[in-house]
Amino acid sequence: MSEDVRLVAWVRGHVQGVGFRWFTRAKALEIGGLSGFALNLADGRVQVVAEGPHEGCQGLLEWLQGNDTPGRVDGVTEIWDTPRGGYDGFEVR
């Protein structure tokens, strides 16, 4: 049995205007069991919040840090926490 967690990640680089949020949603849906959102921030970063099984959130984080994302990721800062709930699926905001 997997413990549910909350991952909050801030992705830096050329990640706006390249479909990054949509691809992040698609990856979260592909992984399955995750809820949350991807949001463009005014400073050019994308914030990703994902809740669900630890393995799924870890998989999403590894994808965010990898070379298979659209645009260019220069770095990812993440915080792990306990889930807060309240999300209906994974959405783009």
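Small disclaimer: the values here were computed from a predicted structure and weren't measured.

Draft legend 1. Highlighting the environment of F20. Inspection of the secondary structure assignment puts F20 in helix 1 (residues 20-31). By relative accessible area, which is 1% here, F20 ends up buried. Considering only alpha carbons, one finds F20 and F37, 17 residues apart in sequence, at a separation of 12 Å. Setting aside chain neighbours within four positions, we find F20 in contact with V11, V15, V46, L64, T69, P70 and V73.

Draft legend 2. Examining the sheet that holds strand 1 (residues 4-14) more closely. What the five strands build is an open sheet, ordered 4-1-3-2-5; its pairing is mixed. The open sheet is flanked by strand 4 (72-81) and strand 5 (90-92), the only strands paired with a single partner. Across this sheet, the average inter-strand angle for adjacent strands is 15°, counted without regard to direction. Bridge count for strand 1 against strand 3 (residues 46-53) is eight bridges, and the pairing is antiparallel. Looking at the pairing, D4 lines up with P53 of strand 3. Packing of helix 1 onto the sheet brings it into contact with strand 1, strand 2 (35-40), strand 3, strand 4 and strand 5, and relative to strand 5 it is tilted by some 170°. Strand contacts of helix 2 (residues 54-65): strand 1, strand 3, strand 4 and strand 5, with the helix running at about 155° to strand 3, the strand carrying the most contacts.

Draft legend 3. Representation of the packing of aromatic side chains in the model. Overall, the coordinates contain two aromatic pairs when judged by the stated rule. Aromatic side chains F37 and Y87 sit 5.8 Å apart centroid to centroid with 55° between the ring planes, which places their arrangement in the tilted category. Of this pair, F37 sits in strand 2 while Y87 sits in the loop between strand 4 and strand 5, and the two are 50 residues apart along the sequence.

Draft legend 4. Representation of the environment of L29 in the model. With respect to the element layout, L29 can be found in helix 1. Judged by relative accessible area, L29 falls into the partly exposed class, the value being 45%. Residues L29 and D74 lie 45 residues apart in sequence; the distance between their C-alpha atoms is 24 Å.

Draft legend 5. Here's a closer look at the UniProt feature "active site" (unreviewed entry) in the protein chain. The sites that carry the UniProt feature "active site" (unreviewed entry) are, in the present numbering, R21 and N40. The annotated residues occupy 20 residues of the chain but converge on a single region, no pair of C-alpha atoms lying more than 7.7 Å apart. Summarising the element assignment, R21 is placed in helix 1. Leaving out residues up to four positions away in the same chain, R21 has contacts with A38, L39, N40, V46, V92 and R93. For N40, the position within the fold is in strand 2. Once residues lying within four places of it in the same chain are set aside, the contact partners of N40 are V15, Q16, R21, R45, V46 and R93. A polar contact of 3.5 Å, which involves the side chain of N40, links it to the side chain of R21.

The rules we used
Residues numbered from 1 in each chain as written. Predicted model: local features only at pLDDT ≥ 70, side-chain atom pairs only at ≥ 80, totals over all residues. Heavy atoms only, no water. Helix = DSSP H or I, 4+ residues; strand = E, 2+ residues; numbered from the N terminus. Buried < 20%, exposed > 50% of the residue type's maximum accessible area, 1.4 Å probe, protein only. Contact = heavy atoms within 4.5 Å. Pairing = 2+ DSSP bridges. Axes fitted to C-alpha atoms, helices over the stretch in contact; angles between N-to-C directions. Phe/Tyr/Trp six-rings, centres within 6.5 Å; stacked < 30°, edge-to-face > 60°. UniProt positions renumbered as here; feature names shortened; annotations may be inferred. Polar contact = N/O pair within 3.5 Å; in protein donor to acceptor, adjacent residues only side chain to side chain.

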